[in-house]
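If you want the building blocks of each chain, they are given just below.
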Amino acid sequence: MVNVILPTPTLETERLLLRPFADTDAEELFALQSNAHALRYWDSPPWVDRAPVERFLARCQQLAEEGSGARLAIDRVRDQAFVGWCTVNSWNPEFRSASLGCCLHDTMWGHGYATEAARALLRWAFDTLDLNRVQAETDTRNVASARVLEKLGFVLEGTLREDCIVNGDVSDSSVYGLLRRDWAG
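Predicted model only: the values in this text are computed from it and were never measured.

S.K.: Teacher, can you tell me more about the overall build of the protein chain here?
M.R.: Scanning the protein chain for helices and strands turns up four helices and eight strands. When the helices and strands of the protein chain are placed in sequence order, the string is β-β-α-α-β-β-β-α-β-α-β-β. Here the protein chain has a C-alpha radius of gyration of 16 Å; the compact-globule value for 185 residues is 16 Å, and the two agree. Counting only C-alpha atoms and orienting by the principal axes, one finds that the protein chain spans roughly 40 × 35 × 35 Å. Residue burial in the protein chain is summarised as follows: out of 185 residues, 46% are buried. In the protein chain, the proportion of contacts linking residues at least 24 apart, taken out of those at least 6 apart, comes to 61%. Mean positive and mean negative side-chain charge positions of the protein chain (19 and 27 charges, respectively) differ by 5 Å.

S.K.: Looking at this model, I keep getting lost on the layout of surface pockets. Mind explaining?
M.R.: Here the largest pocket is characterised by a volume of approximately 1,200 Å³. As for the largest pocket, its lining consists of 44 residues, of which Trp-42, Cys-102, Thr-138, Asn-142 and Ser-145 are closest to the centre. Of all elements in the fold, only β4 (82-92), β5 (97-104), α3 (113-129), β6 (133-139), α4 (143-151), β7 (155-166) and β8 (169-179) reach the threshold of two or more residues within the lining of the largest pocket. Considering only residue class, the lining of the largest pocket consists of 21 nonpolar, 15 polar and eight charged.

S.K.: When you look at the side chain of Thr-115 in this model, what are you seeing that I'm missing?
M.R.: Relative to the assigned elements, Thr-115 resides in helix α3. Beyond its immediate chain neighbours, meaning those up to four positions away, Thr-115 contacts Val-148, Lys-151 and Leu-152.

S.K.: Got a minute to help me understand α3 in this structure?
M.R.: Since one α-helical turn is 3.6 residues long, residues separated by three or four positions face the same way. For α3, spanning 17 residues, the distance from its first C-alpha to its last is 23 Å, which sits close to the expected 24 Å at 1.5 Å a residue. With 13 of 17 residues buried, α3 is to be regarded as a mostly interior element. Positive backbone phi, at 50°, marks Asp-130, one or two positions downstream of α3.

S.K.: What is the right way to read the packing of aromatic side chains from this model?
M.R.: How two aromatic rings sit relative to each other is given by the distance of their centres and the angle of their planes. Counting across every chain of the model gives six aromatic pairs. For the ring pair Phe-126 and Trp-183, a centre distance of 5.3 Å and an interplane angle of 25° mean the geometry is stacked. Remark: Trp-183 occurs in the segment after β8 and Phe-126 occurs in helix α3; sequence separation between them is 57 residues. In this pair, the class of Phe-126 matches that of Trp-183, namely buried. Through pairs of rings, three or more aromatic residues link up here, namely Phe-21, Trp-42, Trp-47, Phe-56, Phe-82 and Trp-85. Arg-71 extends its terminal NZ or CZ atom over the ring of Phe-56, reaching a point 4.1 Å from the ring centre. The lysine or arginine in question, Arg-71, covers the ring of Trp-85, its NZ or CZ lying 5.3 Å from the ring centre.

S.K.: Before we go on, may I ask you to explain the pattern of salt bridges in this structure?
M.R.: Oppositely charged side chains may form a pair once their charged atoms are brought near each other. According to the stated counting rule, one finds 12 salt bridges in the structure shown. When the shortest N-O distance is used, the salt bridge between Arg-96 and Asp-130 registers 3.4 Å. With Arg-96 in the loop between β4 and β5 and Asp-130 in the loop between α3 and β6, this residue pair connects regions lying 34 residues apart in the sequence. What makes Arg-96 partly exposed here is its relative accessible area of 30%. Since its relative accessible area comes to 40%, Asp-130 is described here as partly exposed. Note that Asp-130 is salt-bridged to Arg-180, the shortest N-O span being 3.2 Å. With a gap of 50 residues between them, Asp-130 in the loop between α3 and β6 and Arg-180 in the segment after β8 connect regions that are remote in the sequence. Among the charged side chains, a salt-bridge network with shared partners connects Arg-19, Asp-25 and Asp-75.

S.K.: When you look at unusual backbone geometry in this model, what are you seeing that I'm missing?
M.R.: For residues that are not glycine, phi is negative in most cases, and the peptide bond is trans in most cases. At Ser-90, a position not held by glycine, the phi torsion is positive, near 55°. Tracing the backbone shows Ser-90 in strand β4. Even without being a glycine, Arg-96 presents a positive backbone phi close to 55°.

Rules used throughout
- Residues numbered from 1 in each chain as written.
- Predicted model: local features only at pLDDT ≥ 70, side-chain atom pairs only at ≥ 80, totals over all residues.
- Heavy atoms only, no water.
- Helix = DSSP H or I, 4+ residues; strand = E, 2+ residues; numbered from the N terminus.
- Rg over C-alpha atoms; globule rule 2.2 N^0.38 Å.
- Buried < 20%, exposed > 50% of the residue type's maximum accessible area, 1.4 Å probe, protein only.
- Contact = heavy atoms within 4.5 Å.
- Lys, Arg positive; Asp, Glu negative; His and termini not counted.
- Charge placed at Lys NZ, Arg CZ, Asp CG, Glu CD.
- 1 Å grid on protein atoms, 1.4 Å probe; cavity = no way out; pocket = protein on both sides within 12 Å on 5 of 7 lines; lining within 4 Å.
- Points joined across faces, edges and corners; volume = space filled by probe spheres on them.
- Nonpolar A, V, L, I, M, F, W, Y, C, P; charged D, E, K, R; others polar.
- Expected span 1.5 Å × (residues − 1).
- Phe/Tyr/Trp six-rings, centres within 6.5 Å; stacked < 30°, edge-to-face > 60°.
- Lys NZ or Arg CZ within 6 Å of the ring centre and 35° of its normal.
- Salt bridge = Lys/Arg side-chain N within 4 Å of Asp/Glu carboxyl O.

Below, the structure written as structure tokens:
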């Protein structure tokens, strides 16, 4: 597989701006990733110090340089509030596949922002990366994330049993898939 620089897009929806991360996002990013409630179903523990912030921001740039995906900050347009972030990663041009992920501040839950942001990112990914398949995983207990994926057209394909252990808590993950032919845009 040949690596190609994949410019991180800037995408706009009715209520949101999805944009490349900047160093100025460090404080908001730390506030989100250190929030135990917001990350209770996440596959890694909340951050307890600021060291992961720099690695996260560097990884955003690395995704673009490797040509393996894009990770975008999500801002609410009306007040520029940091909502969270979403990503399309693990892009495989040979298989025309990628993975979708999303993480939002708990104060932003229940407003449709995850669905709106993911839809915009999926539209870009299907068009730009010529995808045939997108996969997403969520903790089986995370009913809200499952609902977002289903609204987007993802189909539950199976369960990864006891695939995550975070701070001693063992959990299963639901695997969802979305095929180009099922994508409604």
